[in-house]
Amino acid sequence: HPPVIAGIDSVHGANYIKGAAIFPQPINIASTWEKSYARSAGMFGAKETIAAGINWLFSPIVGLGIEPLWARMYETFGEDPHLVGIFASEMVKG
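The following refers to the structure shown. (Residues numbered from 1 in each chain as written. Predicted model: local features only at pLDDT ≥ 70, side-chain atom pairs only at ≥ 80, totals over all residues. Heavy atoms only, no water.)

Topic: helix H2 (residues 35–51)
Under the 1.5 Å per step criterion, the end-to-end length of H2 is 25 Å for 17 residues, consistent within 8% with the ideal 24 Å. Every buried residue of H2 is accounted for by Ala38, Ala41, Gly42, Gly45, Glu48 and Thr49. Projection of H2 onto a plane perpendicular to its axis shows the buried side chains occupying an angular sector of 150 degrees, all on one side. Looking at H2, the residues exposed on the side facing more than 90 degrees away from the buried face are Lys47, Ile50 and Ala51. Tucked inside the fold, the buried residues of H2 contact helix H1 (26–31) and helix H3 (81–93). Two residues or fewer past H2, Gly53 is found with a positive phi of approximately 90 degrees. (Helix = DSSP H or I, 4+ residues; strand = E, 2+ residues; numbered from the N terminus. Expected span 1.5 Å × (residues − 1). Buried < 20%, exposed > 50% of the residue type's maximum accessible area, 1.4 Å probe, protein only. Arc of directions from axis to C-beta. Contact = heavy atoms within 4.5 Å.)

Don't take any of this as a statement about function, it's just geometry.
So this is what it looks like as C-alpha cells:
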C-alpha cells in the first residue's frame, strides 16, 4: 500500500485544534516588520499541526501580493520581494 500523505492549510495557526495559538494573517505579521514574529507563527503552527498527526503545511505563501483583487491577498506577506523573502524564510525556520 502506498503511504498516506496528508497536508492542511495552516497559514496562521492550527485553528482546527482546541487551544491552539492563532496568529494574525501573514499580511498583518509582515506589517509589524518584526521577523521574529513570523518565526514564532511558523513554530507554533508546525508543532500544533504535527500534534494533530499532519506533517505537511501549505504555508507560508510566498507569492507576491501584487493583485489587489486576489481573494487570498491577506495570506501573502505583501508585494515587496525582499520583505516576502525575509518573512517566508523566518516562518520556515520556525
